[in-house]
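Below are the chains, spelled out letter by letter.
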There are 2 protein chains.
Amino acid sequence: MTALPPSDLAMVPFVSVANMLRLVAEIGVETVLAELADAMEADFRRWPDFEKVPRIASHSAGGVIELMPASDGRLYGFKYVNGHPKNTRSGHQTVTAFGVLSDVETGYPLLLSEMTILTAMRTAATSALAARHLAPKGARTMAMIGNGAQCEFQALAFRTIVGVDAVRLFDVSPEATAKAARNLANRGLKVTACRSAEAAVEGAEIITTCTADKQRATILSDNMVGAGVHINAIGGDCPGKTELHPDIVRRASVFTEFTPQTRIEGELQSLPPDHPATELWEVITGAAPGRREAGEITLFDSVGFAVEDFTALRYIHERVQRSSHVEMLDLLADPDDPRDLFGMLVRAGVSAAPRPQG
Amino acid sequence: MTALPPSDLAMVPFVSVANMLRLVAEIGVETVLAELADAMEADFRRWPDFEKVPRIASHSAGGVIELMPASDGRLYGFKYVNGHPKNTRSGHQTVTAFGVLSDVETGYPLLLSEMTILTAMRTAATSALAARHLAPKGARTMAMIGNGAQCEFQALAFRTIVGVDAVRLFDVSPEATAKAARNLANRGLKVTACRSAEAAVEGAEIITTCTADKQRATILSDNMVGAGVHINAIGGDCPGKTELHPDIVRRASVFTEFTPQTRIEGELQSLPPDHPATELWEVITGAAPGRREAGEITLFDSVGFAVEDFTALRYIHERVQRSSHVEMLDLLADPDDPRDLFGMLVRAGVSAAPRPQG
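As annotated in an unreviewed UniProt entry, chain A carries the name Ornithine cyclodeaminase and comes from Acuticoccus mangrovi. Under the heading Sequence similarities (unreviewed entry), UniProt records this for chain A: "Belongs to the ornithine cyclodeaminase/mu-crystallin family."

Rendered as structure tokens:
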């Protein structure tokens, strides 16, 4: 059989894991985090322009598979992401992801990208962007409870974007803490491994919780959170999964990405459905106040939203165009005559018709 | 920089357009259509077992981008598909698609596949499966109005699965008809090019409409449809797009894939929301009658449903395992320690930390 090589229209740029690693290594992870936070801030400023849909989740006993679409009318992006807390037992990732960015005018994909690494970076950039607007001025010490896959990305984002220079780590698994401390060595941070969550929060102006159990947990109890602290709660991100004692949420000023989704998936699950919350874009555009006084507890109740993935895909799409870290994937059928899809089969040598069954 | 080669867990089998063409050429397109119809029938029989969600559509002036997920609790599939009627003017396809099949237990993708060609085949297989249950016994002649990308797949599916041996073609573009006639030569069908839709339906026991305009159109008017005919209406597939005069829909017994979606997207849009309709799976399982008498007009008001794409992905996933027509794609990050995502960056050589901005 002879098939013509696919045309340019058939090809979709693809950023593999290996190429994402090369791209980030080339740019520098701190620079990527800072550029992502800036791109995110620009998109939060035009938040009302986005078509926003709650993620479409398929729940099962072991976890969830989600599709997260968003569009600004010119570009369309979606992410596929799973969350399976027990996966690590079999050597799999808890969260893996990939995504696609498309041209709204034609519906054609412009980019397919790995998003496991990209999601970790966009989550960290979003957290740090929120803290830039909400954390107490001059905050330099962050407690990090949960030292899994997200931890180092969060630490570096807060260092680069917020100015944090000391992190205090705690995880129920000392190996996880050791791993994080090892990875964070020589990156401009004072790293302290702590023996308890209580010890980790000592002296911290910012507390980040990023644990992974799919259940109601109390990673932080009320007495652990002093006046003026900013809490960055990123581990509570699906129905039935929270990290904070409800009293903390009640005492705090709550900031969300997209409140309807956060009420279902975030710490707000613990409170009545009319509990007040401010969306981060309102703070960024000045439509609503952020932190109003020094003693206020601010809580960024983050669950991750599709617009952030859209921004991340848009950023990577721009960035790979200036690099060689991309392959071309033969994903779209592109016949010479768009109406002649079958002709592609003919030219690929579909065999003569067999005798009909009927 | 040195990066370890990705592990098996990181790799996702990928069926490119070229490999889909090779696979279909190797198996034979008629055999693929017949096997797809059988796989579809098996999944329609267990229809209540599926998690069914209406497609998630993002509409714009030029078209629509949709995500179509479905799961049977063991496997999860979704399709990305666009519909942009004006695309052909710029040499693009009206419809392109790709899809992913995943393991529900881990959330990991098992397959990424082109679905532009696969969608044409699954649509044709579904149409023919419906006709096998609904068309008048012994039907051998089919009118085909609209001779675009879907036409030949429909014709061959009806030949192989229903026993049609004559097709009567009409399209507003004579070039489209000539293209279809050329592609269908020597495939066991008597092919007649007709000068009007009225001429095409003469003597036809089955009428297939597959036109592409995104608007209310009247491809078939009431007087063109005689008693006992089976109508396979596949072109009306999004809000505001229909092909049949409402009087035809009113006279016919209406069969759907998933009625809530068809009321929004199919010919049923033209009728009140309580107009009776029977879902195809009910006919296949015997829960509801199909065609009850010779003079009855049956209408398969097809809009395409996610379960059909699930079935198509499941079929291709099984079929490629026995072939070499698959590549491995480095789509998923797979660190040695699942909690050590950042370590992949370290080993890829992320540069030393720059001076913090804060």
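Caption draft 1: Examining the pattern of salt bridges more closely. By the definition in use, this model includes 38 salt bridges over all chains. A cluster of three or more residues bridged by salt bridges with shared partners is formed by D43, R46, D72, R314 and E318 of chain A.

Caption draft 2: Region of the structure containing helix 1 (residues 17–27) of chain A. Residue and element names in this part refer to chain A. In terms of burial, helix 1 is a largely internal element, 9 of the 11 residues being buried. Restricting attention to buried positions, one finds in helix 1 the residues V17, A18, N19, M20, L21, L23, V24, A25 and I27. Two residues or fewer after helix 1 comes G28, characterised by a positive phi angle close to 100°.

Caption draft 3: Spatial organisation of the sheet that holds strand 13 (residues 230–233) of chain A. Residue and element names in this part refer to chain A. Across the sheet, which stays open at both edges, the 8 strands sit in the order 10-9-8-11-13-17-15-16 with parallel pairing between neighbours. Here the strands that pair on one side only, and so sit at the sheet edges, are strand 10 (190–193) and strand 16 (278–279). As defined by bridge partners, strand 15 (residues 253–256) adjoins strand 16 across 2 bridges and the pair is classed as parallel. Opposite T256, over in strand 16, you have E279 as the bridge partner. The strands touched by helix 3 (residues 116–134) within the sheet are strand 13, strand 15 and strand 17 (298–301), with strand 17 carrying the most contacts at an inclination of about 155°. Sheet contacts for helix 4 (residues 151–162): strand 8 (141–145), strand 9 (166–170), strand 11 (206–209) and strand 13; angle to strand 8, the most-contacted strand, approximately 165°.

Caption draft 4: Representation of the relation of the copies chain A and chain B within the structure. Placing chain A over chain B gives an RMSD of 0.0 Å and needs a rotation angle of 180°, together with 0.0 Å of translation along the axis. Between the two chains, the operation in question is that of a two-fold axis. Looking at the interface residues of chain A, 100% of them are also at the interface in chain B, so both copies use one shared face.

Caption draft 5: A look at the nonpolar core. The biggest cluster of nonpolar side chains holds 80 residues, and the ones touching the most others in it are V29, M121, V167 and I316 of chain B. The greatest single-element share of this core, amounting to 11 residues, is contributed by helix 3 (residues 116–134) of chain B. Counting only domains with at least three residues in this core, you end up with domain 1 (8–117 + 309–341) and domain 2 (123–304) of chain B. Contact partners of V167 of chain B, with chain neighbours within four places excluded, come to M142, M144, A155, L184, L189, K190, V191 and T192 of chain B. Ranked by size, the runner-up nonpolar core spans 79 residues in total, among them A139, A149, A157 and L280 of chain A.

Caption draft 6: Spotlight on unusual backbone geometry. Residue and element names in this part refer to chain A. You will see that N186, though not glycine, has its phi angle at about 60°, which is positive. If you trace the backbone, N186 turns up in the loop between helix 5 (174–184) and strand 10. With relative accessibility at 74%, the residue N186 sits in the exposed group.

Caption draft 7: Fine view of the interface of chain A and chain B. Residue-level contacts link 93 residues of chain A with 93 residues of chain B. Of the roughly 8100 Å² buried between chain A and chain B, counting both surfaces, carbon and sulfur atoms make up 67%. On the surface where chain A and chain B come into contact, there are 0 salt bridges. Between chain A and chain B we count 30 residue pairs in polar contact (both at pLDDT 80 or more) in total. A per-class count over the side of chain A that touches chain B returns 48 nonpolar, 29 polar and 16 charged.

Caption draft 8: Layout of the packing of helix 2 (residues 29–45) of chain A against helix 3 of chain A. All names here are of chain A. It is at 8 Å that the axes of helix 2 and helix 3 come closest, and there the two elements cross at 65°. The way helix 2 lies across helix 3 gives a crossing that is right-handed. From helix 2, V29, V32, L33, L36, A37, D38, M40, E41 and F44 reach across to helix 3, where they touch M121, R122, A124, A125, T126, L129, R132 and H133. Of the residues belonging to the contact of helix 2 with helix 3, the class tally is 11 nonpolar, 2 polar and 4 charged.

Caption draft 9: Local environment of the domain arrangement of chain A. All names here are of chain A. As far as domains go, chain A holds domain 1 (8–117 + 308–340) and domain 2 (124–305). Inter-centroid distance (C-alpha atoms) of domain 1 to domain 2 is 25 Å. Taking both sides of the interface into account, the surface hidden between domain 1 and domain 2 amounts to around 2500 Å²; carbon and sulfur atoms contribute 63%. Counting across the interface, domain 1 meets domain 2 through 4 salt bridges. Close ionic contact of E265 with R55 constitutes a salt bridge, the shortest N to O distance being 3.0 Å. Where domain 1 touches domain 2, the interface holds 9 residue pairs in polar contact (both at pLDDT 80 or more). Breaking the side of domain 1 that touches domain 2 down by element, the ones donating at least two residues are helix 2, strand 3 (56–60), strand 4 (63–71) and helix 10 (306–320). Of the residues in the side of domain 1 that touches domain 2, the class split is 13 nonpolar, 3 polar and 8 charged.

Conventions and cut-offs
- Residues numbered from 1 in each chain as written.
- Chains lettered and ligands numbered in written order.
- Predicted model: local features only at pLDDT ≥ 70, side-chain atom pairs only at ≥ 80, totals over all residues.
- Heavy atoms only, no water.
- UniProt positions renumbered as here; feature names shortened; annotations may be inferred.
- Salt bridge = Lys/Arg side-chain N within 4 Å of Asp/Glu carboxyl O.
- Buried < 20%, exposed > 50% of the residue type's maximum accessible area, 1.4 Å probe, protein only.
- Helix = DSSP H or I, 4+ residues; strand = E, 2+ residues; numbered from the N terminus.
- Pairing = 2+ DSSP bridges.
- Contact = heavy atoms within 4.5 Å.
- Axes fitted to C-alpha atoms, helices over the stretch in contact; angles between N-to-C directions.
- Least-squares fit on C-alpha atoms with pLDDT ≥ 70 in both.
- Core = buried A, V, L, I, M, F, W, Y, C linked by side-chain atoms within 4.5 Å.
- Domains from an automatic or database assignment.
- Buried area = accessible area lost by both parts, 1.4 Å probe.
- Polar contact = N/O pair within 3.5 Å; in protein donor to acceptor, adjacent residues only side chain to side chain.
- Nonpolar A, V, L, I, M, F, W, Y, C, P; charged D, E, K, R; others polar.
- Left-handed = near helix turned anticlockwise from the far one by under 90°.

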